[in-house]
Number of protein chains: 2
Amino acid sequence: MTNPLDLNGKKWPLYVQIKDRLLEDIRSGVLQPGDAIKTEAQLSEVYSVSRATVRQAVTELVHDGYLVRQQGRGTFVNKPRIDTPVGNMYSFTKHMEERGHKPEFKIIDFEIIMPKASVREKLGLREKQLVYRLVRQRSLDGEPIMVETTFIPMHLLADLDQEKINAAKSLYSLLEKEYHIRLDHMVEYFEPVLIDDLNSILLNVPKGAPALYFERVGYVNNSVYELSQSIIRGDRCRYFVEWLVPKQQ
Amino acid sequence: MTNPLDLNGKKWPLYVQIKDRLLEDIRSGVLQPGDAIKTEAQLSEVYSVSRATVRQAVTELVHDGYLVRQQGRGTFVNKPRIDTPVGNMYSFTKHMEERGHKPEFKIIDFEIIMPKASVREKLGLREKQLVYRLVRQRSLDGEPIMVETTFIPMHLLADLDQEKINAAKSLYSLLEKEYHIRLDHMVEYFEPVLIDDLNSILLNVPKGAPALYFERVGYVNNSVYELSQSIIRGDRCRYFVEWLVPKQQ
């Protein structure tokens, strides 16, 4: 176990201390989104440490998503994370539009499959029942931020196809307008994960970067209608919940 | 951009496919928590791939927190993540005890400090106002799962000290019983991050593993009373929220 006295960084590696200083400048607003940070040479002089030490601190902050490197231009403070309330992700499209963002999606894959056991069980299906599997890359203001895989039992929706989905503003608006279906109950799970090979390409972030795995089970009249599994870039999204403490707890 | 046809893993590296197969066995329950997985030699035979390929798949699943290696014993399926409802984290201690877990904490650091700008602003303090800074390692059933740093403005609580905190079951019960203070309003933020050097030691997980950064601002009568910043091991916790879709949205 670490010595309590170490906690203020007194005995931690130098690069950790440099990382903490830069992070504090970002968090306190001394460095604003889009600001260029000092060069390695300048930082190494300011903090009286080697350039290798500075490089390690900066590399980790890039990996963590606080800074972004732009080839030939320098290193900049990343855009702020977009705050999203929990329990209000019914429609990504609607929520983000209301806040002045431009949400878009691109269908990466759409097919009818026999689902894996883990998916089949969550949908409450018997073996060999077929499902639609829709994979979408979702973007905000032109930047990919989420890969969402949606499963819908095939027998619940006649003739769903890629053209209909593409023509609709969102999957939920398609369900409501075309099929008169409205989910009435949601259970959402989220857990921190790492970006894997596939999502690294689809989301344009390094493998191993922080991400949120978000799973939603949507119900109509207590029957599972939809299972969606999303990977959300950690560097661009933050979730929040606000609540009053019950009088007696 | 990836070719849509690649998505089923057909053209992905072999180790990614092996990783997906093992993950599906864990998610579908074919492999249960605590189960040993096959040895590298066995897996390499089952899947007709090299041992290096198997090793890479297993190493990533260990890093992601799905498997755990035990020196000299083998590799096992990790314990399941503990489901925690969002907006109900008022008291970690109370919540976990109600579910049959044994929550404990250990004070890593307790001191009176002049806070950094980012902390000061969140607490709504003027420059040079002092705060208590309490760092606790929190465990569940003997296993460290969270490092929580709590800041409380010093002028709000007379004579808080380490002994009082240690003697109390939880910080909130101390506030209620000793000081007759009860937080009435919370805002909680969470975002995925990576385990850093310090938390790697305190939580006994590898640096770079997935974690949740959880920040809470607690109010009494619209004044900020508490700021807490926690790092929670990603491999042991999952959060969820259940909600009804409003009739008109």
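Residues numbered from 1 in each chain as written. Chains lettered and ligands numbered in written order. Predicted model: local features only at pLDDT ≥ 70, side-chain atom pairs only at ≥ 80, totals over all residues. Heavy atoms only, no water.

## Looking at the overall build of chain A
Part 1 of the argument: Per the secondary structure count, chain A includes eight helices and 10 strands.
Part 2 of the argument: For chain A, the share of sequence-separated contacts (at least 6 apart) that also reach a separation of at least 24 residues comes to 58%.
Part 3 of the argument: When the accessible surface of chain A is split by element, carbon and sulfur atoms take 50% of a total near 11800 Å².
Part 4 of the argument: Of note, chain A has its 34 positive side-chain charges centred 3 Å away from the centre of its 34 negative side-chain charges. (Helix = DSSP H or I, 4+ residues; strand = E, 2+ residues; numbered from the N terminus. Contact = heavy atoms within 4.5 Å. Areas by Shrake-Rupley, 256 points an atom, 1.4 Å probe, with all protein chains shown as cover. Lys, Arg positive; Asp, Glu negative; His and termini not counted. Charge placed at Lys NZ, Arg CZ, Asp CG, Glu CD.)

## Considering the packing of helix α1 (residues 14–27) of chain B against helix α3 (residues 51–64) of chain B
Residues and elements named next belong to chain B.
Part 1 of the argument: Where α1 meets α3, the closest approach of the two axes is 8 Å, and the angle between their N-to-C directions is 55°. Put simply, α1 runs oblique to α3. Both α1 and α3 take part in a crossing whose hand is right-handed. Of the residues in α3, those in contact with Leu14, Tyr15, Ile18, Lys19, Leu22 and Leu23 of α1 are Thr53, Gln56, Ala57, Val58, Glu60, Leu61 and Asp64. (Axes fitted to C-alpha atoms, helices over the stretch in contact; angles between N-to-C directions. Parallel < 35°, antiparallel > 145°, perpendicular 65-115°, else oblique. Left-handed = near helix turned anticlockwise from the far one by under 90°.)

## Let's talk about the interface of chain B and chain A
Part 1 of the argument: Facing the 71 residues of chain B at the interface are 71 residues of chain A.
Part 2 of the argument: Across the interface of chain B and chain A, roughly 6400 Å² is buried in total on both sides, 59% from carbon and sulfur atoms.
Part 3 of the argument: Connecting chain B to chain A are six salt bridges.
Part 4 of the argument: Between A:Glu191 and B:Arg81 there is a salt bridge; the shortest N-O distance is 2.9 Å.
Part 5 of the argument: Across the chain B-chain A interface, the total number found is 18 residue pairs in polar contact (both at pLDDT 80 or more).
Part 6 of the argument: Sorting elements by how many residues they give to the side of chain B that touches chain A places strand β7 (residues 185–194) of chain B first, with 10 residues. (Buried area = accessible area lost by both parts, 1.4 Å probe. Salt bridge = Lys/Arg side-chain N within 4 Å of Asp/Glu carboxyl O. Polar contact = N/O pair within 3.5 Å; in protein donor to acceptor, adjacent residues only side chain to side chain.)

## Section: the environment of B:Gln56
Part 1 of the argument: Among the secondary structure elements, B:Gln56 is positioned in helix α3.
Part 2 of the argument: With 44 residues separating them along the chain, B:Gln56 and B:Gly100 place their C-alpha atoms 37 Å apart.

## Re the sheet that holds strand β4 (residues 103–113) of chain B
Part 1 of the argument: Across the sheet, eight strands lie side by side as β3(A)-β10(A)-β7(B)-β8(B)-β9(B)-β6(B)-β5(B)-β4(B); this open sheet has mixed pairing. Looking at the sheet topology across the chains shown, the edges are occupied by β3 (82–85) of chain A together with β4 of chain B. This sheet shows a mean twist of 20° between the axes of neighbouring strands, independent of strand direction.
Part 2 of the argument: Summarising the sheet, β3(A) and strand β10 (residues 237–244) of chain A pair through four bridges and their orientation is parallel. Within the sheet, the bridge partner assigned to A:Asp83 lies in β10(A) and is A:Arg238. (Pairing = 2+ DSSP bridges.)

## A look at the nonpolar core
Part 1 of the argument: Within the largest apolar cluster, 72 residues are counted, with the highest numbers of intra-cluster contacts made by A:Leu157, A:Phe190, B:Leu157 and B:Phe190.
Part 2 of the argument: One finds A:Ile26, A:Val49, A:Ala57 and B:Ala209 within the second-largest nonpolar core, a separate group that totals 33 residues. (Core = buried A, V, L, I, M, F, W, Y, C linked by side-chain atoms within 4.5 Å. Buried < 20%, exposed > 50% of the residue type's maximum accessible area, 1.4 Å probe, protein only.)

## Quick look at the pairing of strand β5 (residues 131–140) of chain A
Residues and elements named next belong to chain A.
Part 1 of the argument: Across the 10 residues of β5, 10 count as buried, placing the element largely inside the fold.
Part 2 of the argument: The alternating pattern of β5 places Val131, Arg133, Val135, Gln137 and Ser139 on one face and Tyr132, Leu134, Arg136, Arg138 and Leu140 on the opposite face, and all of these are buried.
Part 3 of the argument: Judged from the 10 bridges that link them, strand β4 (residues 103–113) and β5 form a sheet pairing that is antiparallel. Opposite Phe110, over in β5, you have Leu134 as the bridge partner.
Part 4 of the argument: Where β5 meets strand β6 (residues 143–153), 10 bridges bridge the pair, whose relative direction is antiparallel.

## What about the relation of the copies chain B and chain A?
Part 1 of the argument: When chain B is fitted to chain A, the best match, at an RMSD of 0.0 Å, comes from turning it 180° and sliding it 0.0 Å along the axis. On this basis, the relationship between the two copies can be described by a two-fold rotation axis. Relative to the rotation axis, the closest C-alpha in chain B is found at B:Pro192, a distance of 2.6 Å.
Part 2 of the argument: A shared interface surface links the copies, since 100% of the contact residues of chain B are contact residues in chain A too. (Least-squares fit on C-alpha atoms with pLDDT ≥ 70 in both.)

## Quick notes on the pairing of strand β9 (residues 223–233) of chain A
Residues and elements named next belong to chain A.
Part 1 of the argument: Within β9, 10 of the 11 residues are buried, which leaves the element mostly enclosed by the surrounding structure.
Part 2 of the argument: Here β6 runs beside β9; their pairing, made up of six bridges, is antiparallel. Residue pairing for β9: Thr149 is matched across the bridge by Gln229.
Part 3 of the argument: The pairing of strand β8 (residues 210–220) with β9 spans 10 bridges and is antiparallel. Counted as the bridge partner of Glu215 is Gln229 from β9.
Part 4 of the argument: What sits between β8 and β9 in their antiparallel hairpin is a turn of two residues, with Asn221 showing a positive phi close to 50°.

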